[in-house]
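Given next are the chains, with one letter for each unit.
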Amino acid sequence: MEQPVKKQRILSGIQPSGTPTLGNYLGAIRNWKLLEDQYDCLYMVADLHTITVRQEPSLLRARSLQTMALLLAVGLDPEKSILFLQSHVPQHSQMSWLLSCYTYMGEMSRMTQFKDKSRRHAENVNCGLFTYPILMAGDILLYQANLVPVGNDQTQHVEICRDIAARFNSVYGNVFTLPEGYNPKVGARVMSLQEPTRKMSKSDAEDSFISMLDTPDAIRRKFRRAVTDSEARIAFDPANKPGVSNLLSILSALTDESLDSLVERFGGKGYGDLKSAVAEATVETLAPFQQEFNRLMADKAYLQSVCRTGAERAGRLAERTLSKCMKKIGFLAP
Ligand code: TRP
């Protein structure tokens, strides 16, 4: 009899450092849903990662639950995928310590995100900010993930994860699957509305991102204020016209209309027309998610049960890898 083909495993995560943005949706979460049938998926709210920057406790709690609710609201299915909060699975913290003893200071010092974040949070350059890629490597390796869908800003972290895994394997045998970064076919890199050469980020200034929970008025206002240029010419040219190009690619991602077709259609029009078209498409896309989000937030018992079940399922998988690792290293079994 033929063996059923084992699905490849996918793991990805999103930090609850703010309300997920339109960029998180178009660049990541939307794709997570498309992968659910073809792969064995784990999607995690990476709350442990979030405390590398100081958080208000009540906000961290609220945003963690909110992020989980939004994942469900866009249609991720907790029966198909394992949805969980990172801090509910203690193996992540445990694995992080083990792996930190197989990672070099020099490697961590080269991480561009560390250099960038330590510049931006100069008052709090903590050790967690430095070792963050090790925690992330553990997230991936605990589940023996084959593929890790991430944006460009995280590619370096997936590479270092491979390096750490390969090093560990070369000492102890084949303990870890070597993961690869995964760039889905559909996926827009959404840039900041105020600084369109930077990625849209939920931890930046309010006007620079669209949150998935923004009201229609807020969405319209933010797009109206989006930075463009003084040329008054609609063209897709990210190097020279980053603001306009960003609006075009958001609209294209939302409506599935090609960039060429959009450029042609908006040919003789002004930036105001483009901005209001993007705003309306955004409002329309987010409305059903917001409605479902509100419904879910009113049902805390359900949300809690999703978190609990997800953590149990993830925990079983994680424990298998962790205990194998500990045995290899030479720890006595308890
Ligand atoms: N570091 C990722 C981010 O900030 C989130 C994350 C944490 C993650 N652990 C992960 C992504 C594991 C992929 C795999 O976007």
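Computed from a predicted structure; not experimentally measured.

So, how was this worked out
Residues numbered from 1 in each chain as written. Predicted model: local features only at pLDDT ≥ 70, side-chain atom pairs only at ≥ 80, totals over all residues. Heavy atoms only, no water. Helix = DSSP H or I, 4+ residues; strand = E, 2+ residues; numbered from the N terminus. Rg over C-alpha atoms; globule rule 2.2 N^0.38 Å. Buried < 20%, exposed > 50% of the residue type's maximum accessible area, 1.4 Å probe, protein only. Contact = heavy atoms within 4.5 Å. Areas by Shrake-Rupley, 256 points an atom, 1.4 Å probe, with all protein chains shown as cover. Near = heavy atom within 4 Å. Polar contact = N/O pair within 3.5 Å; in protein donor to acceptor, adjacent residues only side chain to side chain. Expected span 1.5 Å × (residues − 1). Phe/Tyr/Trp six-rings, centres within 6.5 Å; stacked < 30°, edge-to-face > 60°. Lys NZ or Arg CZ within 6 Å of the ring centre and 35° of its normal. Pairing = 2+ DSSP bridges. Right-handed = clockwise from strand over helix to strand, strands pointing away. Domains from an automatic or database assignment. Buried area = accessible area lost by both parts, 1.4 Å probe. Core = buried A, V, L, I, M, F, W, Y, C linked by side-chain atoms within 4.5 Å. Axes fitted to C-alpha atoms, helices over the stretch in contact; angles between N-to-C directions. Parallel < 35°, antiparallel > 145°, perpendicular 65-115°, else oblique. Lys, Arg positive; Asp, Glu negative; His and termini not counted. Salt bridge = Lys/Arg side-chain N within 4 Å of Asp/Glu carboxyl O.

**Details of the overall build of the chain**
Along the backbone of the chain there are 13 helices and 5 strands. Its C-alpha atoms give the chain a radius of gyration of 21 Å, near enough to 20 Å, the size a compact globule of 334 residues would have. When its C-alpha atoms are laid out on the principal axes, the chain stretches across 70 × 50 × 45 Å. Burial statistics for the chain: of 334 residues in total, 50% are counted as buried. Counted over contacts in the chain with a minimum sequence separation of 6, partners at least 24 positions apart contribute 74%. When the accessible surface of the chain is totalled, it reaches about 16400 Å², and 52% of it is carbon and sulfur.

**Things to note about the site of the ligand**
The environment of the ligand is made up of 14 residues, and the closest members are Gln15, Tyr132, Met136, Asp139 and Gln154. Residue Gln15 places a side-chain N or O atom 3.0 Å away from an oxygen atom belonging to the ligand. Between Gln154 and the ligand, the recorded distance is 3.2 Å, taken from a side-chain N or O atom to a nitrogen atom. In the complex, 90% of the free accessible area of the ligand, which totals 360 Å², lies under the protein chains.

**Re helix H3 (residues 57–73)**
Its 17 residues give H3 an end-to-end C-alpha distance of 24 Å, which sits within 8% of 24 Å, the value for a rise of 1.5 Å per residue. Where H3 terminates, the next one or two residues include Gly75, which has phi positive at roughly 115°.

**Some thoughts on the packing of aromatic side chains**
As enumerated under the stated definition, the model contains 9 aromatic pairs in all. A ring pair is formed by Phe84 and Tyr143, whose centres lie 5.8 Å apart and whose planes are at 55°; its orientation type is tilted. You can see Phe84 sitting in strand S3 (residues 82–85) and its partner Tyr143 sitting in the loop between helix H7 (127–142) and strand S4 (147–149), a full 59 residues away along the chain. For the pair Phe84 and Tyr143, one class covers both residues: buried. Pairing Phe168 with Phe176 gives two aromatic rings, centres 5.1 Å apart and planes at 50°, and the pair type is tilted. Residue Phe168 is classed as buried on the basis of its relative accessible area, which comes to 0%. Among the aromatic residues, ring-to-ring pairing joins Tyr102, Phe168, Tyr172 and Phe176 into one connected group. The ring of Phe209 carries Lys222 above its face, with NZ or CZ at 5.0 Å from the centroid. Taking NZ or CZ as reference, Lys269 lies 5.3 Å from the ring centre of Phe266, over its face.

**With respect to unusual backbone geometry**
At Gln144, a position not held by glycine, the phi torsion is positive, near 55°. Mapped onto the secondary structure, Gln144 falls in the loop between H7 and S4. The phi angle at Asp256 is positive, at roughly 70°, despite the residue not being glycine. Assignment of secondary structure puts Asp256 in the loop between helix H10 (242–255) and helix H11 (259–265).

**Structural notes on the pairing of strand S2 (residues 40–45)**
For S2, a buried count of 5 out of 6 residues is recorded, marking the element as mostly surrounded by other parts of the structure. Where strand S1 (residues 9–14) and S2 come together, 6 bridges link them in parallel fashion. Note that in S2 the partner of Gly13 across the bridge is Met44. The parallel pair S1 and S2, bridged by helix H1 (residues 22–35), forms a crossover whose chirality is right-handed.

**Focus: the domain arrangement of the chain**
Interface size is commonly expressed as the accessible surface area that is lost when the partners come together. Assigned domains within the chain: domain 1 (9–182 + 299–329) and domain 2 (206–295). Just the C-alpha atoms count here: the centres of domain 1 and domain 2 sit 30 Å apart. Roughly 1300 Å² of surface becomes buried between domain 1 and domain 2 when both sides are summed, with 78% attributable to carbon and sulfur atoms. The three residues of domain 1 that bury the most area against domain 2 are Leu22, Tyr25 and Ala73, which together make up 39% of that side's buried surface. For the pair domain 1 and domain 2, the number of links is 3 residue pairs in polar contact (both at pLDDT 80 or more). When contributions to the side of domain 1 that touches domain 2 are tallied by element, the ones reaching two or more residues are H1 and H3.

**Examining the nonpolar core**
Leu26, Phe223, Ile250 and Leu274 are the most contacted members of the largest nonpolar core, which has 57 residues in total. At 10 residues, helix H12 (residues 271–297) tops the list of elements feeding residues into this core. Summarising the domain contributions, this core has at least three residues from each of domain 1 (9–182 + 299–329) and domain 2 (206–295). Filtering out sequence-adjacent residues up to four positions away, Phe223 remains in contact with Leu22, Leu193, Ile210, Leu247, Ile250, Lys275, Val278, Ala279 and Thr282. Judged by nonpolar contacts, the second largest core, of 41 residues, contains Met44, Met111, Phe176 and Leu322.

**Describing the packing of H3 against helix H13 (residues 300–329)**
In the contact formed by H3 and H13, the axes pass within 11 Å of each other and the chain directions differ by 90°. The angle between the axes of H3 and H13 places the two elements in the roughly perpendicular class. Of H13, the residues touching H3 (which contributes Leu65, Met68, Ala69 and Leu72) are Lys300, Tyr302, Leu303, Val306 and Cys307.

**Thoughts on the side chain of Lys275**
Relative to the assigned elements, Lys275 resides in helix H12. Despite being buried, Lys275 has no salt bridge partner; Asp229 is the closest side chain of opposite charge, sitting 9.7 Å away. Within polar-contact distance, the side chain of Lys275 engages the backbone oxygen of Arg224 at 2.9 Å. Those residues in contact with Lys275 that lie beyond four places of it in its chain are Phe223, Arg224, Arg225, Ala226, Thr228 and Leu247.

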